[in-house]
Amino acid sequence: MQSKVTQLNNPSSCESSYEANTLPFSLGDLKTAIPAECFRPHTGKSLYYFFRDVLCISLLYVIALTWDSWFFMPIFWVMQGTMFWALFVVGHDCGHQSFSKHKWLNDLIGHLSHTPILVPYHGWRISHRTHHKNTGNIDDDESWYPVTESQYKTMPLIQKLGRYYLFLLAYPVYLFKRSPNKSGSHFLPSSPLFKPSEKWDVITSTTLWTLMIALLGFLTYEWGWMWLLKYYVGPYIVFIIWLDLVTFLHHTEPDIPWYRGKDWYFLKGALSTVDRDYGFINHIHHNIGTHVAHHIFLNIPHYNLQQATEAIKPVLGDYFRKSEEPILRALWRSCTSCHFVPDTGRKVYYTSPRQVDLS
């Protein structure tokens with residue numbers, strides 16, 4: 001089944017263009033096409049989105065505590081987990097320093113956005129930086145990169161179950177153990193994820209994360225395990241499903257190329273992602289599905305990404321990807337057809353055991 005992706009429906013249709021080691025446009029060409037104001041964060045607007053999310057989360061807790069009904073809980077979990085995800089996206093801007101021009105404010109709001117949802121802000125910020133610097137690079141990308149065919153053959157069953165069937169619950173495991181064939185914790189300064197100069201940033205985030213765990217433990221001691229399940233664990237699970245779903249679909253598509261060695265460079269790798277339409281959720285989670293422009297210029301605030309995207313589309317031409325496929329259908333197709341890439345080749349695409357004889 002072909003991917004319903006506008007501009008590029010089949011990788012072979014633009015194969016000759018991609019075979020060239022350089023693109024027909026530069027980073028400078030794209031930056032020139034974008035209005036200068038798109039790159040300027042507006043502190044007031046950024047704070048508005050932060051406080052809007054906090055207000056929505058607070059109101060949902062008031063409603064849930066007032067009704068205290070198991071019939072309402074599943075609805076509350078979906079709504080609150082979605083708002084946790086929206087708050088994460090605000091912290092995501094902070095991590096990219098696109099929330100404001102002030103690093104202290106970015107880091108403050110980043111901690112306030114991420115710590116309550118059990119994300120170590122600096123630990124995640126640094127590993128996410130690595131992902132952006134190496135997007136589309138099979139060897140050096142940090143998240144949702146493909147394994148090779150030989151790695152797939154030797155992958156333990158439990159790891160296959162986690163990566164290909166339970167991947168929408170993978171984020172907590174990633175924080176503690178990183179991705180396949182890589183090691184390191186987002187909580188330890190000694191992790192290979194971090195430089196020695198980042199030690200105290202990591203310690204700060206880990207300390208705040210630990211204090212949040214302690215707070216949840218105290219509240220559980222006071223009000224019981226059922227309170228924890230109803231008012232925190234339920235929304236938290238929905239949040240990590242959103243996080244894994246969106247990040248998986250940003251980078252997992254049969255016609256997205258992955259590169260090795262000298263055939264990769266930043267701009268080419270940054271284009272190995274796809275914009276997606278989440279319907280009415282787009283505004284709630286701050287248009288994070290507008291992802292191509294974000295990977296090219298990560299310092300653009302989320303509220304300027306749509307304008308920036310429209311500006312660069314004429315320059316990108318066939319290199320711009322936007323999927324019009326319904327999200328659940330795209331999820332099913334990608335998770336059943338995107339298992340590994342060939343062991344060799346400078347530019348490769350995802351395939352699956354159905355398409356390759358693994359005997």
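The model shown is predicted, which means the values in this text are computed figures rather than measured ones.

(A) Representation of the overall build of the chain. Check the secondary structure of the chain and you find 16 helices and seven strands. For 359 residues, the compact-globule estimate of 2.2 N^0.38 gives 21 Å, and the chain sits close to it at 21 Å. Judged by the C-alpha coordinates and their principal axes, the chain covers about 65 × 55 × 45 Å. Within the chain, the proportion of its 359 residues that are buried is 55%.

(B) Spatial organisation of unusual backbone geometry. The residue D68 is not glycine, and still its phi comes out positive at about 45°. Although it is not a glycine, W144 adopts a positive phi angle of roughly 55°. By the element assignment, W144 lies in the loop between α6 (121-133) and β2 (147-148).

(C) Structural context of the layout of surface pockets. Roughly 750 Å³ of volume is contained in the largest pocket. Lining the largest pocket are 38 residues, with W144, A170, Y174, R178 and S179 positioned closest to its centre. At the level of elements, α4 (73-95), α6, α8 (157-164), α9 (171-177) and α11 (225-251) are the ones that each hand at least two residues to the lining of the largest pocket. No other element matches α11, which puts six residues into the lining of the largest pocket. Class assignment for the residues of the lining of the largest pocket results in 17 nonpolar, 15 polar and six charged.

(D) Summary view of a nonpolar patch on the surface. Judged by side-chain polarity, L157, I158, L161, Y165 and L166 come together as a nonpolar surface patch covering roughly 600 Å² of accessible area. Note that L161 resides in helix α8.

(E) How the structure looks around the environment of K262. As for its placement among the helices and strands, K262 is situated in the loop between β3 (258-259) and α12 (266-270). Owing to a relative accessible area of 80%, K262 belongs among the exposed residues under this scheme. Separated by 187 residues in sequence, K262 and I75 place their C-alpha atoms 49 Å apart.

(F) View of empty space enclosed by the protein. With the rule as written, the count across this model stands at one cavity of 30 Å³ or more. For the largest cavity, the calculated volume is near 70 Å³. Around the largest cavity, the lining residues are W144, R163, Y164, F167, F248, C335, C338 and Y350. Among the residues making up the lining of the largest cavity, the classes are represented as seven nonpolar, no polar and one charged.

(G) Broad picture of the packing of helix α3 (residues 43-67) against α4. Contact geometry for α3 and α4: axes closest at 9 Å, N-to-C directions at 160°. By the criterion of interaxial angle, the relationship of α3 to α4 is roughly antiparallel. Crossing of α3 over α4 shows left-handed handedness. The residues of α4 that touch α3, namely those facing Y49, F50, D53, V54, C56, I57, L60, Y61 and A64, are M73, F76, M79, Q80, M83, F84, A86, L87 and V90.

(H) Main features of the side chain of S352. Here S352 is to be found in the segment after β7 (347-348). Overall, the relative accessible area of 1% leaves S352 in the buried class. Apart from the residues lying within four places of it in its own chain, the contact partners of S352 are T336, S337, H339 and F340.

(I) Representation of the nonpolar core. Counting 55 residues, the largest nonpolar core has W85, F88, Y171, Y232, F239, W242 and L249 as its most contacted members. Those elements giving two or more residues to this core turn out to be α3, α4, α5 (103-114), α6, α9, α10 (199-223), α11 and α16 (327-337). The biggest single contributor to this core is α11, with 14 residues. When sequence neighbours within four positions are dropped, the list of residues in contact with L249 reads V274, R276, Y278, I327, A330 and L331. Residues F25, L30, I34 and C38 belong to the second largest nonpolar core, which totals 21 residues.

(J) Structural detail: the environment of Y221. Tracing the chain through its elements places Y221 in helix α10. The spatial distance from the C-alpha of Y221 to the C-alpha of L108 is 29 Å, given a sequence separation of 113 residues.

(K) Representation of α16 in the model. Buried residues of α16: I327, A330, L331, R333, S334, C335 and S337, and no others. In this fold, the buried residues of α16 make contact with α11 and β4 (275-276).

(L) Expanded view of the packing of α4 against α11. At a minimum axis distance of 7 Å, the contact between α4 and α11 shows a crossing angle of 55°. Here α4 is positioned oblique relative to α11, judged by the angle of their axes. The two elements α4 and α11 meet at a crossing, and its hand is right-handed. From α4, M73, F76, W77, V78, Q80, G81, T82, F84, W85 and F88 reach across to α11, where they touch L229, K230, Y231, Y232, G234, P235, Y236, V238, F239, W242, L243 and V246.

(M) Focus on α10. Along its 25 residues, α10 runs 36 Å from first to last C-alpha, staying within 8% of the 36 Å computed at 1.5 Å per residue. When α10 is considered as a whole, its buried residues turn out to be V202, S205, T206, W209, M212, L216, L219 and T220. Trailing α10 by a residue or two, G224 shows a phi angle of about 95°, which is positive.

Rules used in this analysis
- Residues numbered from 1 in each chain as written.
- Predicted model: local features only at pLDDT ≥ 70, side-chain atom pairs only at ≥ 80, totals over all residues.
- Heavy atoms only, no water.
- Helix = DSSP H or I, 4+ residues; strand = E, 2+ residues; numbered from the N terminus.
- Rg over C-alpha atoms; globule rule 2.2 N^0.38 Å.
- Buried < 20%, exposed > 50% of the residue type's maximum accessible area, 1.4 Å probe, protein only.
- 1 Å grid on protein atoms, 1.4 Å probe; cavity = no way out; pocket = protein on both sides within 12 Å on 5 of 7 lines; lining within 4 Å.
- Points joined across faces, edges and corners; volume = space filled by probe spheres on them.
- Nonpolar A, V, L, I, M, F, W, Y, C, P; charged D, E, K, R; others polar.
- Patch = residues over 30% accessible without salt bridge, like charges linked within 9 Å, V, L, I, M, F, W, Y side chains within 5 Å.
- Areas by Shrake-Rupley, 256 points an atom, 1.4 Å probe, with all protein chains shown as cover.
- Salt bridge = Lys/Arg side-chain N within 4 Å of Asp/Glu carboxyl O.
- Axes fitted to C-alpha atoms, helices over the stretch in contact; angles between N-to-C directions.
- Parallel < 35°, antiparallel > 145°, perpendicular 65-115°, else oblique.
- Left-handed = near helix turned anticlockwise from the far one by under 90°.
- Contact = heavy atoms within 4.5 Å.
- Core = buried A, V, L, I, M, F, W, Y, C linked by side-chain atoms within 4.5 Å.
- Expected span 1.5 Å × (residues − 1).

All quantities given are derived from atomic positions and should not be read as evidence of function.
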